[in-house]
Amino acid sequence: QAITLNASRADAFYYPPDWDPSKGSLDAFQRKKGFEHHLGKSRVRQLNQGILVIRFEMPFHTRCLKCENRIAKGVRFNANKKKIGKYHTTSIWEFEMRCTTCANLFKIRTDPENAEYVMAEGLRKVQTDTWDAAEAGSMGELPDQETRGRMDVDPMFKLDYNSKKKVVPEKIRKSDLRELYAMSKDREDEYALNSSLRRTFRTMKKEEIAREAEEARPKNFSFPLAEEDPADAVEARRVQFTTDHAKVGAALRRQAKVAESIFVKKGQAKKVDLACKHRKLLLAQRIQARSKDAG
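This section reports on the structure supplied with the text. The structure displayed is predicted, hence computed values, not measured ones.

Criteria and thresholds
Residues numbered from 1 in each chain as written. Predicted model: local features only at pLDDT ≥ 70, side-chain atom pairs only at ≥ 80, totals over all residues. Heavy atoms only, no water. Pairing = 2+ DSSP bridges. Helix = DSSP H or I, 4+ residues; strand = E, 2+ residues; numbered from the N terminus. Axes fitted to C-alpha atoms, helices over the stretch in contact; angles between N-to-C directions. Patch = residues over 30% accessible without salt bridge, like charges linked within 9 Å, V, L, I, M, F, W, Y side chains within 5 Å. Areas by Shrake-Rupley, 256 points an atom, 1.4 Å probe, with all protein chains shown as cover. Salt bridge = Lys/Arg side-chain N within 4 Å of Asp/Glu carboxyl O. Lys, Arg positive; Asp, Glu negative; His and termini not counted. Charge placed at Lys NZ, Arg CZ, Asp CG, Glu CD. Buried < 20%, exposed > 50% of the residue type's maximum accessible area, 1.4 Å probe, protein only. Phe/Tyr/Trp six-rings, centres within 6.5 Å; stacked < 30°, edge-to-face > 60°. Lys NZ or Arg CZ within 6 Å of the ring centre and 35° of its normal. Core = buried A, V, L, I, M, F, W, Y, C linked by side-chain atoms within 4.5 Å. Contact = heavy atoms within 4.5 Å.

Pairing is antiparallel in the open sheet, where 5 strands are placed in the order β1-β4-β5-β6-β7. Looking at strand neighbours, the two that pair on one side only are β1 (52-57) and β7 (116-121), the edges of this open sheet. Here the average twist between neighbouring strands, direction ignored, is 40 degrees. Bridge count between strand β5 (residues 90-98) and strand β6 (residues 105-111): 5 bridges; the pairing is antiparallel. Note that in β6 the partner of Glu96 across the bridge is Lys107.

As structure tokens, this is what we get:
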């Protein structure tokens, strides 16, 4: 009774025992006693247009159509409540509020015909887990005693009864692919997907850095030598190198001219000739030594 009494007071339907119509309106009477709505004067600012500001509690899980922000069941908003029509004698109410993230306009209406709320604008309902015996593939309701007795004595009847019970769940599973897709989209873990993607990028970046470092490293052009073959030694001994004496003489004369000074005096001419002859001998000895090594 205490909960019901507090709820009725919050909705301003509670009439205290010390109030009577001669004392004015109930709001004015409660205001004199210190009771005032937390929204203050803004609650009735548009009352002349039939709009009353109330605290609206989201009846189920929803998602904003603009920013895709998930709004859990039980989240409260300051909503504009107004009457937009009637279903027979029952009023149809519309509640307007704003998204706390992107300021998108939400409109939710009552549906007395189906006894539920309708997402009129700005948001959609999020699918939640609901267990149904038929959808889960179980038999649902147990057969009565007469049916169970017949199933015990007639195996064919039992097989036919169980097969008919399983046809409905199979059809439901085939027709609910769209709902399953919407449910998976609502429940996808964006953080896990983002972490997996970043992990893949980090691995690719490490491989690319290692490949660039390998390409930047100086290449080694040395090749391993094959083992010595006796046939190659025999072939090398057969090679004979001939000396071109004309070229050797030209080289000796060139060396002599390079070594000769342009300022040679008459008394030094003999010394220059001796130096040239000495160089010629050394060059001839080197050529002969190379020829012997090659042979």
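Together, Arg198, Arg199, Arg202 and Lys206 make up a region of like positive charge exposed at the surface. In this structure, Lys206 sits in helix α6 (residues 190-216). Since its relative accessible area comes to 63%, Lys206 is described here as exposed.

Alignment of strand β4 (residues 76-87) against β5, held across 7 bridges, turns out to be antiparallel. Among the inter-strand pairings, Lys83 is bridged to a residue of β5, identified as Trp93. Two successive antiparallel strands, β4 and β5, enclose a turn made up of 2 residues, where His88 displays a positive phi of approximately 60 degrees.

Moving on: the packing of aromatic side chains. Applying the stated criterion to the full structure yields 4 aromatic pairs. Consider the rings of Phe56 and Tyr117, whose centres lie 6.2 Å apart with planes at 85 degrees: the pair is edge-to-face. Note that Phe56 is positioned in strand β1 and Tyr117 in strand β7, a separation of 61 residues in sequence. On the numbers, 6.4 Å between centres and 80 degrees between planes, the contact of Phe77 with Phe106 is edge-to-face. One end of the pair, Phe77, is in strand β4; the other, Phe106, is in strand β6, with 29 residues separating them in the sequence. According to the relative accessible area criterion, Phe77 is buried, its value standing at 6%. Counting every residue linked through ring pairs, the aromatic cluster contains Phe56, Phe95 and Tyr117. Just above the ring of Trp93 sits the side chain of Lys81; from NZ or CZ to the centre is 4.5 Å.

Moving on, we come to the nonpolar core. Nonpolar side chains in soluble globular proteins generally cluster together in the buried interior. Residues Phe56, Met58, Phe95, Met97, Phe106, Ile108 and Leu123 are the most contacted members of the largest nonpolar core, which totals 15 residues. Only β1, β4, β5 and β6 provide two or more residues apiece to this core. Look past the residues within four positions of Met97 in its chain and what remains in contact with it is Phe56, Met58, Phe77, Asn78, Ala79, Asn104, Leu105, Phe106 and Ile108.

Below, the discussion takes up the side chain of Asp111. Turning to its location among the elements, Asp111 is positioned in strand β6. Despite being buried, Asp111 has no salt bridge partner; Arg109 is the closest side chain of opposite charge, sitting 10 Å away.

Reading across the sheet, the 3 strands line up as β3-β2-β8 and stay open at both edges, with antiparallel pairing between neighbours. At either end of the open sheet lies a strand with only one pairing partner, and these are β3 (70-71) and β8 (123-125). As paired elements, strand β2 (residues 62-64) and β8 share 3 bridges and run antiparallel to each other. Its bridge partner being in β8, Thr62 is matched across the sheet by Lys125.

With that settled, the discussion passes to unusual backbone geometry. Trans peptide bonds make up most of the peptide bonds, and negative phi angles are found at most residues other than glycine. Phi is positive for His88, which is not a glycine, with a value near 60 degrees. Secondary-structure assignment places His88 in the loop between β4 and β5. Positive phi values are uncommon outside glycine, yet Ala115 reaches one of about 55 degrees. On the basis of relative accessible area, Ala115 is assigned to the exposed category, the value being 69%.

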